[in-house]
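Report on the structure
Chain by chain, the residues:
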Amino acid sequence: MSGSKPDILWSPHHPDRYVICDSELGLYRIGPVGSAETKAGTLPLSEETAATLLAINSDTPYMKCVAWYPKHEPECLLAVGQANGRVVLTSLGQSHNSACKELVGKEFVPKHARQCNTLAWNPVDSNLLAAGLDKHRADFSVLIWDISSKFAPETSVVAEKIRLSSVDFDSSSVVTKPLYELGQNDACLSLCWLLRDPKLLLAGMHRNLAIFDLRNTSQKTFVNTKAIQGVTVDPHFHDRVASFFEGQVAIWDLRKFEKPVLTLSEQPKPLTKVAWCPTRTGLLATLTRDSNIIRLYDMQHTPTPIGDETEPTIIERSVQPCESQIGSFAWHPSSQNRMVVVSAANRVMTDFTVFERISLAWSSTTSLMWACGRHLYDCVEDSPEGLESMIEKDIATKMRQRAQSRYGHDTVQVWRNHLLAGGKDPQLKSLWYDLFYMKQCAEDMELKLQGNKQSVVYSGIKNIIKTSSGTTESRRCWSGSERQTDVLRYHSEERCLALRLCGWISRGPDTDVETFLRSLEQEQEWERAAAVALFNLDIRRAIQIMNKGATAEKGDLNLNVVAMALSGYTDEKSSLWREMCSSLRLQLKNPYLCIMFAFLTSEPGSYDGVLYESSVAVRDRVAFASMFLSDAQLPRYIDKLTNDMKEAGNLEGILLTGLTKDGVDLMESYVDRTGDVQTASFCMLKGSPGEVLKDPRVQCWIENYRNLLDAWRFWHKRAEFDIHRGKLDPSSKPLAQVFVSCNFCGKSISYSCSAMPHQGRGFSQYGVSGSPTKSKVTSCPGCRKPLPRCALCLMNMGTPVSNCPGTGKSDEKVDLTRENKLAQFNNWFTWCHNCRHGGHAGHMLSWFRDHTECPVSACTCKCMQLDTTGNLVPSDSS
């Protein structure tokens, strides 16, 4: 505009056209670079787009403001406000529309000449054009013109206009009588029509913001403020308005117009323009003088103000569309977050897209998605096979699958839990067998009769061995060998208990390992069975097991060779057999075959080759140590092995630590390494003492696992876990938190309300489980007043659902009641917290299967939809 910075207007009906207005009007078409529309000599706007100049209009000098006609016809009609207050209708390009020809050149002249500051077309009644003028004594500053008016000016007025104007005009095209005159004795700096009502006009006057109603022009709603410039309505929230003064932006809510709901941070330089994004909710762009930065305020999540002290929060960021100083900008009316900016000099234009912040969301079922603008993107790997294998290895996927198979809930055959986990993890197998043997020993009647032995069992072998006393030594000869060499072994009650916890011997006084050997043979663990037989000094049994393994299906024929080598055992230290076995045993691939020959070639009391073979199960090494290490050696070895297990987070170490503080330390290392809070929770609940269960780490694992089940929508599984936890840890059972009270006396409606006034009884007390012979509670036991009636069956609450008369529902609903007539939940008291109507739970569920509104007549409450989880289906409902 004349002597001022340029401005941009997008066409309201052509998404590829816009106007640049400064000293003249220039119409541009924007298109892709290299397309037929962008000819030679076009102006590049970005790497992808360029602009072509279509038309220039320099017939309207002294422009101060421009507004584009909002309707499609005529399509290129512009209103231009001039320095002398005139509003001139003009167009760009040739138009064959007769209506446009009639309107072009029409002028609207105020009574007194003064600058026109702003123009605004009515978006609904497009014949109405509002103009905001400077103050002139007691004259009006807001004039609303009807562009279809045929009113001819008076002669004196025409003479005045001719005197003021530098160009000639046709007197028939001049209108001097506005349709409405508003804002007397004041100046108008900005205008906008309110989108919620086309009869309301918001004006930024000299000292206040005023809302004028064209239906009653004598009255106005106003608020005193300095923020009167650039008033603009949010196109997505018609009650939200932005305005500015110098460097500060005020956000107004027209429903609460007393003061701004939000004042944005003040800029160091005066603002020149603010504009709401038409394609994005709550995004406001601001531009300051002599700046190359556009500041964005994201009010996407701004809540409706509730109290005077409530001030919504916003997210603020800046974008730099170009290097030069920005004269003006304009949001594209339809392209997402797109704008064109024009520099303050030389009309250098830039096409720029504001990229949205990307928010990531990783679901509890391993799906990764992110949102950008209006788009949701799902993360898909290039190789689906690799992705599936990665997901299967993820601990969250494993825990989810285990939860579906009721992993951890088998409290009788505890060892079976490792099968429910898939049976492929050797550490889990060792853990659940350890807990199974601990449970067996704790339940042994002989141990129970000895007082504190039950708690000793769960304290771990490390603590059991420390209490060892009365150890006896015995020398036993090899069984099945002609050599009568004696081997030193140690015996005590505690060592015997350790062997039982390792699973080598069964309950009772019998210490025979034959049962254990048979179970290993059934599992085809031939090498391990042979090693256990050898450690029990039965060399013939070991050879027999290896021969059997060699002939079994999928057996290893090399076992016959090992058996043959074993049969040549001699205890002579200088024998060739011992020399060859010592040097070649390390070449054996199976660790159990390796430790067999290490045992046979070791010196008495020095069995490092067996004890420190890490590939051998911990339970077997501990059992071996319990038989062959002295009272001085055994605690040292157990302590060292326990520390190694704790550092590595190896679950096999639970056999040593037990469910004690050391066990929690070990489990913490395991959880840190794997993230398996599921196993940690179930393990610690199996037999830990109260002080261990109160450990913050244990409570954290349990709560995290419960939260995981809720996140997976395994609400039934989480309830089962809570019940399981309550059985094993009675202190975790929450007290009853809800009970139904009488409307009249306020007492709990239960049989024992007088005896237990502070404890809510189970809801089964308020009804019966379906049997008509059981007693019913249809009145308050305290005051004998009748209980409320069910809104559907009209029977007093407390009446069994199965005895209620038919409610006229479909067969499906009758069947639902019949199938669940023994379920106590059908008799529960249920009511809506909003409308306070309710009835039997079974009846309410049946009703809301086919209806959305409350069953009570004349009540329009959508009770079921008020609950955010009411329409969610549990993932474990099957």
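What counts, and at which threshold
- Residue numbers here run from 1 along each chain, matching the order of that chain's written sequence.
- Reporting of local features is limited, given that this is a predicted model, to residues whose pLDDT is at least 70; pairs of side-chain atoms are given and counted only at 80 or more, and all residues count toward the totals for whole chains, interfaces and linings.
- Neither water nor hydrogens contribute to the side-chain values; these are computed over all heavy atoms in the structure.
- Only runs of H or I of at least four residues qualify as helices and only runs of E of at least two qualify as strands under DSSP, and these elements are numbered from the N terminus.
- Exposure classes here rest on a 1.4 Å probe applied to the protein chains alone. A residue is buried below 20% of its type maximum, exposed above 50%, and partly exposed in between.
- For every accessible area listed, the method is Shrake-Rupley and the probe measures 1.4 Å; residues are considered covered only by the protein chains on display.
- By this definition, two strands are paired if DSSP reports at least two bridges between them.
- Residue contacts are defined here by distance: any two heavy atoms, one from each residue, within 4.5 Å place the two residues in contact.
- To get an axis, a line is fitted to the C-alpha atoms, and for a helix only the part in contact is used. The angle between two axes follows their N-to-C directions and goes from 0 to 180 degrees.
- pLDDT is a per-residue confidence score from the predictor, ranging from 0 to 100.
- We count a salt bridge whenever a side-chain nitrogen from Lys or Arg sits within 4 Å of a carboxyl oxygen from Asp or Glu.
- Note on definitions: the grid is 1 Å and covers protein atoms alone; a cavity is a set of points where a 1.4 Å probe fits but cannot get out; a pocket is an open set with protein on both sides within 12 Å along at least five of seven lines; lining residues have an atom within 4 Å of a point.
- Grid points are joined across faces, edges and corners, and a volume is the space filled by probe spheres set on the points.
- Ten residues, namely Ala, Val, Leu, Ile, Met, Phe, Trp, Tyr, Cys and Pro, are considered nonpolar, four, namely Asp, Glu, Lys and Arg, are considered charged, and the remaining ones, Gly among them, are considered polar.
- What we call a nonpolar core is a set of buried Ala, Val, Leu, Ile, Met, Phe, Trp, Tyr and Cys residues that are connected through their side-chain atoms within 4.5 Å.
- The criterion for a disulfide is a pair of cysteine sulfur atoms lying within 2.5 Å.
- Any angle from 65 to 115 degrees is called roughly perpendicular, while one under 35 is roughly parallel, one over 145 is roughly antiparallel, and all others are oblique.
- Each crossing gets its handedness from the near helix: less than a right angle anticlockwise from the far helix is left-handed, clockwise is right-handed.

**Structural notes on the overall build of the chain**
- Broken down by element type, the chain carries 27 helices and 36 strands.
- Within the span of the chain, comprising 878 residues, buried residues form 47% of the whole.
- Surface summary for the chain: the accessible area is close to 43800 Å², and the carbon and sulfur share equals 51%.

**Considering the sheet that holds strand 5 (residues 49–57)**
- The five strands lie next to each other as 1-2-3-5-4, forming an open sheet whose pairing is antiparallel. Of all strands in the sheet, those bounded by a partner on one side alone are strand 1 (7–10) and strand 4 (43–44).
- Bridge count for strand 2 (residues 17–21) against strand 3 (residues 25–32) is five bridges, and the pairing is antiparallel. If you follow V19 over to strand 3, its bridge partner there is L27.

**Things to note about the environment of W331**
- Within the fold, W331 resides in strand 27 (residues 326–331).
- Residue W331 is classed as buried on the basis of its relative accessible area of 7%.
- For the pair W331 and V341, spaced 10 residues apart in sequence, the C-alpha to C-alpha distance is 8.9 Å.
- Every residue in contact with W331, bar those within four places of it in the chain, is listed here: W10, A275, W276, C277, P278, L283, A285, L296, N337, R338, M339 and V354.

**What about the sheet that holds strand 18 (residues 220–224)?**
- Reading across from one edge, 15-16-17-18 is the order of the four strands in this open sheet, with antiparallel pairing throughout. Across the chains shown, the open sheet's two edge strands, defined by having one partner strand only, are strand 15 (188–193) and strand 18. Taking each pair of neighbouring strands and ignoring which way they run, the sheet shows an average axis angle of 20°.
- When strand 16 (residues 200–205) meets strand 17 (residues 208–213), the two strands line up antiparallel, connected through five bridges. By the bridge assignment for strand 17, L200 is matched with D213.

**A few points about the confidence of the model for the chain**
- Residues at a pLDDT of 70 or more form 82% of the chain, whose mean pLDDT is 81.
- Of the regions scoring below 50 in pLDDT, residues 803–823 engages in 26 contacts with residues more than four places distant in sequence or in other chains.

**Considering the pattern of salt bridges**
- Inspection of the entire model under this criterion finds 40 salt bridges.
- Ionic pairing is found between K273 and D7, a salt bridge with its closest N-O pair at 3.4 Å. With K273 in strand 23 (residues 271–276) and D7 in strand 1, this residue pair connects regions lying 266 residues apart in the sequence.
- On the accessibility criterion, K273 (19% relative accessible area) is buried.
- For D7, a relative accessible area of 22% puts it in the partly exposed group.
- A salt bridge links R280 to E356; its shortest N-O distance comes to 2.4 Å. One end of the pair, R280, is in the loop between strand 23 and strand 24 (283–288); the other, E356, is in the loop between strand 29 (349–353) and strand 30 (359–362), and 76 residues separate them in sequence. E356 shares its class with R280; the two are buried.

**Here we look at empty space enclosed by the protein**
- Inspection of the entire model under this criterion finds two cavities of 30 Å³ or more.
- Computed from the structure, the second largest cavity encloses a volume of approximately 30 Å³.
- Considering the residues around the second largest cavity, the lining is formed by A403, Y407, H409, F682, Y705, L709, K717 and F721.
- Among the secondary structure elements, those contributing two or more residues to the lining of the second largest cavity are helix 24 (696–711) and helix 25 (715–728).
- Grouping the amino acids of the lining of the second largest cavity by side-chain chemistry returns six nonpolar, one polar and one charged.

**Things to note about the nonpolar core**
- Ranked by internal contacts, the top residues of the largest apolar core, which has 105 residues, are I461, F535, L566, F599 and M667.
- A per-element tally of this core places helix 6 (residues 426–443) first, with 10 residues.
- Apart from residues lying up to four places away in sequence, F535 is in contact with W504, I595, F599, V610, F624, M627 and F628.

**What about the state of the cysteines?**
- For the structure shown, the criterion picks out zero disulfides.
- For the unlinked cysteine C188, the closest cysteine sulfur is that of C116, found at 9.0 Å.
- Accessibility expressed as a relative area gives 0% for C188, which makes it buried.

**Quick notes on the packing of helix 11 (residues 514–522) against helix 13 (residues 539–551)**
- Two elements in contact, helix 11 and helix 13, have axes whose closest approach is 12 Å; the angle formed by their N-to-C orientations is 15°. Comparing the axis directions of helix 11 and helix 13 gives the class roughly parallel. In the crossing of helix 11 with helix 13, the sense of the turn from one axis to the other is right-handed. Contacts between helix 11 and helix 13 involve E514, L517 and E521 on the former and, on the latter, R541, I545 and K548.
- Classifying every residue of the contact of helix 11 with helix 13 gives two nonpolar, no polar and four charged.

**Remarks on unusual backbone geometry**
- Even without being glycine, E246 reaches a positive phi, approximately 55°.
- Along the chain, E246 turns up in the loop between strand 20 (240–245) and strand 21 (248–253).
- A relative accessible area of 46% places E246 in the partly exposed class.
- Backbone geometry at D290 places phi at a positive 55°, although glycine is not the residue there.
- Looking at the element boundaries, D290 is found in the loop between strand 24 and strand 25 (294–298).
- Take D290: its relative accessible area is 36%, and that puts it in the partly exposed class.

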